[in-house]
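# Structure assessment
Chain residues, written in single-letter form:
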Amino acid sequence: MIKIVTIVGARPQIIKAAALSRAINDQFKNQISEVIVHTGQHYDHNMSQVFFDELRIPQPDINLNIGSASHGIQTAKMIQGIEKILHERKPNAIVLYGDTNSTLAGAIAASKIHVPVVHIEAGLRSFNKSMPEEINRIMCDHVSTLLFTPTKAGLTNLQNEGFELHRSKSYSVDHPGVFHCGDVMYDNSLYFARIAETQSAIFNHFKTKPNQYILATIHRDHNTDQPERLEAIFEAIHQIATSDEVDVFIPLHPRTKKMLSKNLTPSLYQKITENKRIMISKPVSFLDMINLEKNASMIITDSGGVQKEAYFFHKPVLILRPQTEWVEIVEQGAGKICDADQQKIIEAFQTFRYDQKINFSPIFGDGKAAEFIARKMVEIF
Ligand code: UD1
Ligand code: UDP
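What counts as what
Along every chain, residues carry numbers that run from 1 in the direction the sequence is written. Following the order in which they are written, the chains are lettered starting with A and the ligands numbered starting with 1. With the structure being a predicted model, the display of local features is reserved for residues of pLDDT at least 70 and the display and counting of side-chain atom pairs for 80 or more, all residues being used for whole-chain, interface and lining totals. Side-chain metrics rest on all non-hydrogen atoms present in the structure, leaving aside hydrogens and water. A helix here means a DSSP run of H or I that spans at least four residues, while a strand means a run of E at least two residues long, and both kinds are numbered starting from the N terminus. With a 1.4 Å probe rolled over the protein chains alone, any residue whose accessible area is under 20% of its type maximum counts as buried; one over 50% counts as exposed, and the rest are partly exposed. Here, nonpolar core means buried Ala, Val, Leu, Ile, Met, Phe, Trp, Tyr and Cys residues that are tied together by side-chain atoms lying within 4.5 Å of each other. Whether two residues are in contact is decided by their heavy atoms, any of which lying within 4.5 Å being enough. Each residue is tested against the molecule or strand, and it is near if at least one of its non-hydrogen atoms lies within 4 Å. A 3.5 Å cut-off defines polar contacts: any pair of N or O atoms within that distance qualifies, except that in protein one atom must be a possible hydrogen donor and the other a possible acceptor, and neighbouring residues in sequence count only when both atoms are side-chain atoms. Per-residue and other accessible areas follow the Shrake-Rupley method at a 1.4 Å probe size, with only the shown protein chains counted as cover for residues. Classes in brief: Ala, Val, Leu, Ile, Met, Phe, Trp, Tyr, Cys and Pro nonpolar; Asp, Glu, Lys and Arg charged; the others, Gly included, polar.

What follows covers unusual backbone geometry. The phi angle of most residues is negative, glycine excepted, and most peptide bonds adopt the trans form. Residues other than glycine seldom take positive phi values, yet K90 does so here, at roughly 45°. Along the chain, the position of K90 falls in the loop between α3 (71-89) and β4 (93-97). We classify K90 as exposed; its relative accessible area is 64%. One non-glycine residue, E245, lies in the positive phi region at around 50°. Note on E245: relative accessible area 55%, which makes it exposed.

Next comes the structure, spelled out in structure tokens:
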């Protein structure tokens, strides 16, 4: 039996962790014991607990309750808490997801005391180090012992940074193993889409018809904290909703909620909040979210996970960032990089509105990424 400590903290990590916990429970119960540690980076009910309840993830064994703070303070407190747990629990490995401060803290804490790091969603790069996530993912990859990458682009990025791709044994932090395994989020979308059909009641609250609305999410600090960018994005959304008479549903991240009244001009803020076609809600549960994604005509987002889910559900996506680490989505013609440019957002909306002939070829694996990862961990540790 091997013991792993899994670190979650931000919403998408809790969701991603569901896939591996499910694989362990279904197939590796006698080979892997999992200790789930929540850093407390996200803490509102609908940013955290709702996912444990809905996705049947085991409750966290430990919650560090770190909460919000500046990058340095938040990460430092997490490192302190995680290091203590690793000393106490003595796992064979620590499992880290994605690119948040919780990921970085886990990577630093574990690698310094020689606990092997398993990084899921390794190798992704935006090539933009002004994003905190880019720093987090590079640092984590370079102290990992096993790197599981969801895409071919991830594999190429790692190779370009000097990782050897074909090592087959004796893995260590100095000789890491790199595996292309598909995306655990795709596993989840396949698994939960059927459940969402019967268990999501979102359309009782949001009165619109399938394929007649746009789903939008905005939360990147680069967009929320720069007034001119937030203004351009919401101007575009307002224009699409008004001129084109399209409903827009926006489950708003708490960060954006706080910045909306502060950073939008009062006149745009008023137009947005009074526009009957724009529905701003609290963050929704995962089952509601994938139901909304599945039935949207188009998706507008700066989220990493939502870009991919748009692709899983064969929806065109407007990407509110200057670049994306999910380059395959753009290469397939399913996504358009719009940055925070009002004109580009409107033009991309018009293009996709009248031409949705996109080939959604399978670039995120076969829906069994978590099983692959669990099997490799059992073989290796
Ligand atoms: C974090 C990740 C980002 C990820 C996102 C997922 C980092 C650096 N960023 O960004 O990569 O895409 O999570 O959603 O790790 N807040 C609440 N309630 C909560 C959580 C946050 O009100 O439950 C508010 C607080 O004002 C907080 C702000 O949101 O200061 C930002 O939260 P934080 O976790 O620091 O970063 P995110 O923007 O959520
Ligand atoms: N999500 C959700 N409810 C919401 C918004 C997003 O369940 O109101 C899910 C979404 O389906 C995806 C994940 O949260 O699985 C993406 O997280 P987020 O956009 O916060 O972070 P990112 O992926 O950009 O790191």
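Here the narrative resumes, following the displayed structure.
If you look at the biggest cluster of nonpolar residues, it comprises 56 residues, and the most contacted ones within it are F234, I250 and L318. If you tally residues by element for this core, the top one is helix α10 (residues 227-243), at seven residues. Filtering out sequence-adjacent residues up to four positions away, F234 remains in contact with I218, I250, L260, L264, L268 and I272. Counting residues in hydrophobic clusters, the runner-up holds 43 residues, among them I36, V95, A196 and A374.

Surrounding ligand 1, one finds 19 residues, the nearest of these being H42, E133, H219, R255 and K258. Note that an oxygen atom of ligand 1 is positioned 2.9 Å from one of the backbone N or O atoms of D44. One of the side-chain nitrogen or oxygen atoms of E133 is found 2.6 Å away from an oxygen atom of ligand 1. Burial of ligand 1 by the protein amounts to 88% of the accessible area it has alone, namely 740 Å². In terms of residue count, helix α11 (residues 254-263) provides more of the shell around ligand 1 than any other element does, three residues in total. Class assignment for the residues of the shell around ligand 1 results in five nonpolar, eight polar and six charged.

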